[in-house]
Amino acid sequence: MAKKSDYFGLSYIVSLILAIIPFTAWLLGIITRFQDGKIVAAILRIFCGWIIWILDLVFMITQKHICRLLNV
């Protein structure tokens, strides 16, 4: 069975594919952070989406979860 990943509990492969697409990664990253209750982190993703998108790709490939800069 595939291990669950960050985007809504989807498998790692599906989450990786979604993370590769810039707009999808940006939107799902914002939604994921709001669901975690991390309002400041979600707002940061809205305004710094391109930079965090690169970090998300690196984290998804190396650690199998999206980048979590803030726990606020």
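Refer to the structure printed above.
Remember, predicted model here, so these are calculated numbers, not experimental data.

## Concerning the overall build of the protein chain
- The helix and strand tally for the protein chain stands at 4 helices and 0 strands.
- Walking the protein chain from its N terminus toward its C terminus, one meets helices and strands in the order α-α-α-α.
- Relative to the 2.2 N^0.38 estimate, which gives 11 Å for 72 residues, the radius of gyration of the protein chain is 11 Å and therefore close to what a compact globule would have.
- Each principal axis of the C-alpha distribution contributes one length, and for the protein chain these read about 35 × 20 × 20 Å.

## Describing unusual backbone geometry
- Even without being glycine, K64 reaches a positive phi, approximately 65°.
- Its location among the elements puts K64 in the segment after α4 (49–63).
- A relative accessible area of 45% places K64 in the partly exposed class.

## Section: α4
- The end-to-end C-alpha distance of α4 is 20 Å, a good match for the 21 Å that 15 residues give at a rise of 1.5 Å each.
- Phi for K64, located one or two positions after α4, is positive at around 65°.

## Here we look at a nonpolar patch on the surface
- On the surface, F8, L10, V14, F23, L27 and I31 cluster together into a nonpolar patch covering about 490 Å² of accessible area.
- Per-element tally for the nonpolar patch: the top contributor is helix α2 (residues 22–35), with 3 residues.
- The residue V14 is located in helix α1 (residues 12–20) in this model.
- Overall, V14 belongs to the partly exposed group, its relative accessible area being 36%.

## A closer look at the packing of aromatic side chains
- Here the structure, examined in full by the defined rule, presents 2 aromatic pairs.
- Ring plane angle 40° and centroid distance 5.8 Å describe the contact between F23 and W26, whose orientation is recorded as tilted. Linking F23 with W26, this pair stays in helix α2, spanning 3 residues, or about one helical turn.
- For F23, a relative accessible area of 55% corresponds to the exposed category.
- Relative to W53, the ring of W50 has its centre 5.8 Å away and its plane inclined at 90°; by these criteria the two rings are edge-to-face. Placement of the pair is W50 and W53 together in helix α4, with a separation of 3 residues, close to one helical turn.
- The ring of Y12 is capped by K64, whose NZ or CZ atom sits 5.1 Å from the centre of that ring.

Parameters at a glance
- Residues numbered from 1 in each chain as written.
- Predicted model: local features only at pLDDT ≥ 70, side-chain atom pairs only at ≥ 80, totals over all residues.
- Heavy atoms only, no water.
- Helix = DSSP H or I, 4+ residues; strand = E, 2+ residues; numbered from the N terminus.
- Rg over C-alpha atoms; globule rule 2.2 N^0.38 Å.
- Buried < 20%, exposed > 50% of the residue type's maximum accessible area, 1.4 Å probe, protein only.
- Expected span 1.5 Å × (residues − 1).
- Patch = residues over 30% accessible without salt bridge, like charges linked within 9 Å, V, L, I, M, F, W, Y side chains within 5 Å.
- Areas by Shrake-Rupley, 256 points an atom, 1.4 Å probe, with all protein chains shown as cover.
- Salt bridge = Lys/Arg side-chain N within 4 Å of Asp/Glu carboxyl O.
- Phe/Tyr/Trp six-rings, centres within 6.5 Å; stacked < 30°, edge-to-face > 60°.
- Lys NZ or Arg CZ within 6 Å of the ring centre and 35° of its normal.

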